Amino acid sequence: MSEQKELDRLNSARLEAQKASAARERLQKLFDADTFVELDAFVKNGTDGSGVVTGYGEIDGATLFAFSQDVTERSAAVGKAQAEKIARLYDLAVKTGAPVVGIYDSKGADIAGGNETLAAYSKILEKAAGLSGVVPQIALVLGTCAGLGALAACAADFVVMGGKAELFLTPPAVAGDRSDYGNAKAALASGVAQLICEDEEKAIASVRKLVSLLPENNLSAAATFDFAPPSDTSVLTGILDKLDEASLCDIDRAIADGESFLLLSHGFGKGAHTAFATLGGTTVGMVNTRGELDHDGAARIARFVSVCDSFQIPVVTLINTEGVKASGADELAGAVRDMARLAHVYAEATTPKVAVVTGSAIGSAYVALANADAVYAWPGAVISAMPVAAAVAFLEGDKITKDHTREQVEAEYREGAGSAYRAAEGGFVQDIITPAATRDTLLRALDMLASKRVSRLPKKHANLPL
């Protein structure tokens, strides 16, 4: 056969193998223009396609691997061929230390595959687990992601969903007892998803931003960016008189670099707030608390800090919480377990950690959240082993008289034994700073901690309270 005929045959085969589909279009949108290179395009499942498109490209100039399930091929049913393509992609990510994005849109498993289907999912989960904590993994759910596919998606560090996407183990119609789950809003509210977007375009854009904020792998230096100062710091003016009224997002934005803020897991857990941003052009994880933490709030922060620690992303924690919510229902839901996990994650984290007590840091909240390399406090902050009312009742009840009310004694406790100044005297905070000075203080502290190194005892892994 002549060379020209061979070339014509190649072109024809490539056109057939790489025909237009939503899966390929999504990958083209994910990567920088003209950087996507498809891999294993000719792989088939019998006479049909594999149901997945795999390849690599660049986001802001950095290499990234990605796969996109293709519903035009056997409804993207997951079987041996699809699993092997995804497994090879993960192997390349291991060798090169590049992040992985998986775009999920599949009707489910290849039922005709029998036990081979179970083996296929096992292979995907094994590869994802092996890469966990080595390179960032992001699951982008843009269609249906059910059953074992949901397990694979949730093995990623972050789950981003389009507004019409579905993610569940058991279809609502089959479960029968409830039907208000499986959609993107329910996934966000339950902590399964970290971001939901109203359409595909915004979901893909969010993944691009998230990828750009993360290092390429656990050995890479933190990503650095050109940066501008915060665009609006007015919320910090007079904030000590309105601390419980100010928006947590506005407080974070007044400290972080301009236009760098990315809120995650919004709506999951009470009293907790997590986000990525940059400070001085370097990515940081920002944790903010207010009021009482419920068990979901503790779980939200623990998961976020664990991911930050995996990739040496510094953690900035702003503390204003009384601690765990006093609730029997919360206790039964696992409040002790989740607070223990939160304390464990902070204690184990070796990434740079800086904490600022903006309001209250009471009991277990201080122990868990203020486990940092440097701790600061705003004037008026209260740091106490127990809530002020309880401390007064146990320690200073004799001071309460007809002419000296409980309210007065509690106020004196806040300004005396429970004050930031008393904590500073004991070395529990390193300095008391004004709200306006917070950004500069954090920048200096993080610069000082940039070369932080910690050696741990050799072990296979820590045992988290589960």
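Here goes a summary of the coordinates provided. Treat the numbers as computed from the prediction; the structure is a model and nothing was measured.

Attention now moves to the overall build of the chain. For the chain, the count of helices and strands is 17 helices and 20 strands. Taking 2.2 N^0.38 as the reference for a compact globule, 466 residues should give roughly 23 Å; the C-alpha atoms of the chain span a radius of gyration of 25 Å, in line with that estimate. Based on the C-alpha atoms only, the size of the chain along its principal axes is roughly 105 × 50 × 45 Å. When burial is assessed residue by residue, the chain has 50% of its 466 residues classed as buried.

Turning our attention to the packing of aromatic side chains. Following the criterion strictly, the structure yields five aromatic pairs and no others. When the centroid spacing of 5.7 Å and the interplanar angle of 10° are considered together, the rings of Phe31 and Phe36 count as stacked. Both residues of the pair, Phe31 and Phe36, count as buried.

It is worth spelling out the pairing of strand S18 (residues 374–377) at this point. With burial as the criterion, each face of S18 is covered, one bearing Ala374 and Tyr376 and the other bearing Val375 and Ala377. Handedness of the crossover is the feature at issue here: the chain leaves strand S17 (residues 353–362), passes through helix H13 (residues 364–369), returns alongside S18, and the resulting connection is right-handed. Here S18 runs beside strand S20 (residues 431–432); their pairing, made up of two bridges, is parallel. Considered in S20, the bridge of Tyr376 is made with Asp431.

Before going further, it helps to spend a moment on the pattern of salt bridges. Using the criterion set out here, one finds 16 salt bridges in the structure. Ionic pairing is found between Asp250 and Arg253, a salt bridge with its closest N-O pair at 3.9 Å. One end of the pair is Asp250 and the other is Arg253, both in helix H9 (residues 248–255) and three residues apart, which spans about a single turn. Taking relative accessible area as the criterion, Arg253 reaches 41% and is therefore assigned partly exposed.

So, on to the packing of helix H2 (residues 22–30) against helix H8 (residues 200–213). Contact geometry of H2 with H8 gives a least axis separation of 9 Å together with a crossing angle of 45°. It follows from the interaxial angle that H2 and H8 lie oblique. As for how H2 packs across H8, the hand of that crossing is right-handed. For the pair H2 and H8, the contacting residues are Arg26, Lys29 and Leu30 in the first and Glu200, Glu201, Ile204, Val207 and Arg208 in the second. Across the contact of H2 with H8, the residue classes break down as three nonpolar, no polar and five charged.

With that settled, consider the state of the cysteines. Across all of its chains, the model carries zero disulfides by this definition. No disulfide involves Cys145; its sulfur sits 7.1 Å from the nearest other cysteine sulfur, which is in Cys154. Left unpaired, Cys197 is separated from the closest cysteine sulfur, that of Cys249, by 15 Å.

Leu30, Val101, Ile138, Phe276, Ile301 and Leu342 are the most contacted members of the largest nonpolar core, which has 61 residues in total. At seven residues, the largest contribution of residues to this core is made by helix H10 (residues 295–310). In contact with Val101, other than residues within four places in its own chain, are Leu30, Leu64, Phe65, Ala66, Phe67, Ile138, Val207 and Val211. Listed in part, the 32 residues of the second largest apolar core include Tyr90, Val100, Val159 and Ala193.

Its place among the elements puts Asp309 in helix H10. As a buried residue without a salt bridge, Asp309 has its nearest oppositely charged side chain in Lys452, at a separation of 7.0 Å. At a separation of 2.8 Å, a polar atom in the side chain of Asp309 contacts the main-chain amide nitrogen of Thr350. If we skip the residues at most four places from it in the chain, Asp309 touches Glu348, Ala349, Thr350 and Thr351.

In this section: unusual backbone geometry. Positive phi, normally seen in glycine, also occurs at Asp40, with a value near 55°. Relative to the helices and strands, Asp40 resides in the loop between strand S1 (37–39) and strand S2 (44–45). A positive phi angle, near 60°, is found at Ser265, a position not held by glycine. Since its relative accessible area comes to 7%, Ser265 is described here as buried.

On to the packing of helix H3 (residues 80–96) against helix H4 (residues 115–131). Relative orientation of the contacting elements H3 and H4 amounts to 15°, with a least axis distance of 9 Å. Between H3 and H4, the angle falls in the class roughly parallel. Every pair of crossing elements has a handedness; the one defined by H3 and H4 is left-handed. Facing H3, whose interface residues are Lys80, Ala83, Glu84, Ile86, Ala87, Tyr90, Asp91, Ala93 and Val94, H4 presents Glu116, Ala120, Lys123, Ile124, Lys127, Ala128 and Leu131. Of the residues assigned to the contact of H3 with H4, the class counts are 10 nonpolar, no polar and six charged.

Here the focus is H4. For H4, built from 17 residues, the straight-helix expectation of 24 Å at 1.5 Å per residue is met to within 8% by its first-to-last C-alpha distance of 25 Å. For H4, the full list of buried residues reads Thr117, Ala120, Tyr121, Ile124, Ala128 and Leu131. An end-on view of H4 places all buried positions within 95° of arc, on one side of the element. Across from the buried face of H4, at angles greater than 90 degrees, the exposed residues are Asn115, Glu126, Ala129 and Gly130. The secondary structure elements touched by the buried residues of H4 are H3, strand S6 (100–104), strand S7 (137–141) and helix H5 (148–154).

A separate point is a nonpolar patch on the surface. Nonpolar side chains collect at one region of the surface, where Leu118, Leu148, Leu151 and Leu169 lie side by side and expose about 360 Å² of accessible area between them. Inspection of the secondary structure assignment puts Leu151 in helix H5. Using a relative accessible area of 40% as the deciding quantity, one classes Leu151 as partly exposed.

The rules we used
- Residues numbered from 1 in each chain as written.
- Predicted model: local features only at pLDDT ≥ 70, side-chain atom pairs only at ≥ 80, totals over all residues.
- Heavy atoms only, no water.
- Helix = DSSP H or I, 4+ residues; strand = E, 2+ residues; numbered from the N terminus.
- Rg over C-alpha atoms; globule rule 2.2 N^0.38 Å.
- Buried < 20%, exposed > 50% of the residue type's maximum accessible area, 1.4 Å probe, protein only.
- Phe/Tyr/Trp six-rings, centres within 6.5 Å; stacked < 30°, edge-to-face > 60°.
- Right-handed = clockwise from strand over helix to strand, strands pointing away.
- Pairing = 2+ DSSP bridges.
- Salt bridge = Lys/Arg side-chain N within 4 Å of Asp/Glu carboxyl O.
- Axes fitted to C-alpha atoms, helices over the stretch in contact; angles between N-to-C directions.
- Parallel < 35°, antiparallel > 145°, perpendicular 65-115°, else oblique.
- Left-handed = near helix turned anticlockwise from the far one by under 90°.
- Contact = heavy atoms within 4.5 Å.
- Nonpolar A, V, L, I, M, F, W, Y, C, P; charged D, E, K, R; others polar.
- Disulfide = S-S within 2.5 Å.
- Core = buried A, V, L, I, M, F, W, Y, C linked by side-chain atoms within 4.5 Å.
- Lys, Arg positive; Asp, Glu negative; His and termini not counted.
- Polar contact = N/O pair within 3.5 Å; in protein donor to acceptor, adjacent residues only side chain to side chain.
- Expected span 1.5 Å × (residues − 1).
- Arc of directions from axis to C-beta.
- Patch = residues over 30% accessible without salt bridge, like charges linked within 9 Å, V, L, I, M, F, W, Y side chains within 5 Å.
- Areas by Shrake-Rupley, 256 points an atom, 1.4 Å probe, with all protein chains shown as cover.

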